[in-house]
Amino acid sequence: MSDIFDQEALLDRVDNDMEFLAETVAMLEEDGPDLLAQIREAIEAGDGEALAVAAHTYKGMVANFCADSTVAAALRLEMMGKGGDLTGAHDALAILEDLGSRLARALQELLQDKT
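Residues numbered from 1 in each chain as written. Predicted model: local features only at pLDDT ≥ 70, side-chain atom pairs only at ≥ 80, totals over all residues. Heavy atoms only, no water.

Turning next to the overall build of the chain. Within the chain, the secondary structure is distributed over 5 helices and 0 strands. Reading the helices (α) and strands (β) of the chain from amino to carboxyl end gives α-α-α-α-α. Relative to the compact-globule value of 13 Å for 115 residues, the chain shows a C-alpha radius of gyration of 14 Å, a close match. Oriented by its inertia axes, the alpha-carbon framework of the chain measures out at about 45 × 20 × 20 Å. Per-residue burial for the chain yields a buried fraction of 42% across its 115 residues. (Helix = DSSP H or I, 4+ residues; strand = E, 2+ residues; numbered from the N terminus. Rg over C-alpha atoms; globule rule 2.2 N^0.38 Å. Buried < 20%, exposed > 50% of the residue type's maximum accessible area, 1.4 Å probe, protein only.)

This is the structure we're talking about:
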């Protein structure tokens, strides 16, 4: 399947309820881009507090999918925001966006395979 998330842990987390998983994936697809936009805007504005909040929220969302690398990338941005040092934040955001995109695709593949 994919190395972007732990499929076995995810299916266990949702008790193999594919309908519930599909609803959760839909929320990610709906809210994820807005949160990434908030992260981008916070970086552009140099607003560490807003960056920390948006990255924390995104981190919580992707954590539901047992996506450790995506969680770690969001955590990195959250910590940058909390520390007030946004050096490298654009690069960190590019990584998070890539991982988020890969996660969304992999989740869609899982849903297609299981339905």
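A rise of 1.5 Å per residue sets the reference length of helix H2 (residues 18-45), with its 28 residues, at 40 Å; its end C-alpha atoms lie 40 Å apart and thus fit the reference within 8%. Remark: the principal bend of H2, roughly 35 degrees, maps to Asp31, with a proline, Pro33, within the next four residues. Its buried side turned inward, H2 meets helix H1 (7-13), helix H3 (48-63), helix H4 (68-83) and helix H5 (89-114). Regarding H2, its N-cap is Asp17, as a side-chain oxygen of that residue lies 3.2 Å from the backbone nitrogen of Glu19 further along. The positive-phi residue at the C-terminal boundary of H2 is Gly46, with phi of around 70 degrees. (Expected span 1.5 Å × (residues − 1). Bend = angle between axes of the 7 residues up to and from the residue. Contact = heavy atoms within 4.5 Å. Polar contact = N/O pair within 3.5 Å; in protein donor to acceptor, adjacent residues only side chain to side chain.)

For the rest of this paragraph, the subject is the packing of H3 against H4. Axis separation between H3 and H4 bottoms out at 7 Å; the angle between their running directions is 160 degrees. Classified by the angle their axes make, H3 and H4 are roughly antiparallel. The handedness of the crossing between H3 and H4 comes out as left-handed. Contacts between H3 and H4 pair Gly48, Glu49, Leu51, Ala52, Ala55, His56, Tyr58, Lys59, Val62 and Ala63 from the former with Thr70, Val71, Ala74, Leu75, Leu77, Glu78, Met80, Gly81 and Lys82 from the latter. (Axes fitted to C-alpha atoms, helices over the stretch in contact; angles between N-to-C directions. Parallel < 35°, antiparallel > 145°, perpendicular 65-115°, else oblique. Left-handed = near helix turned anticlockwise from the far one by under 90°.)

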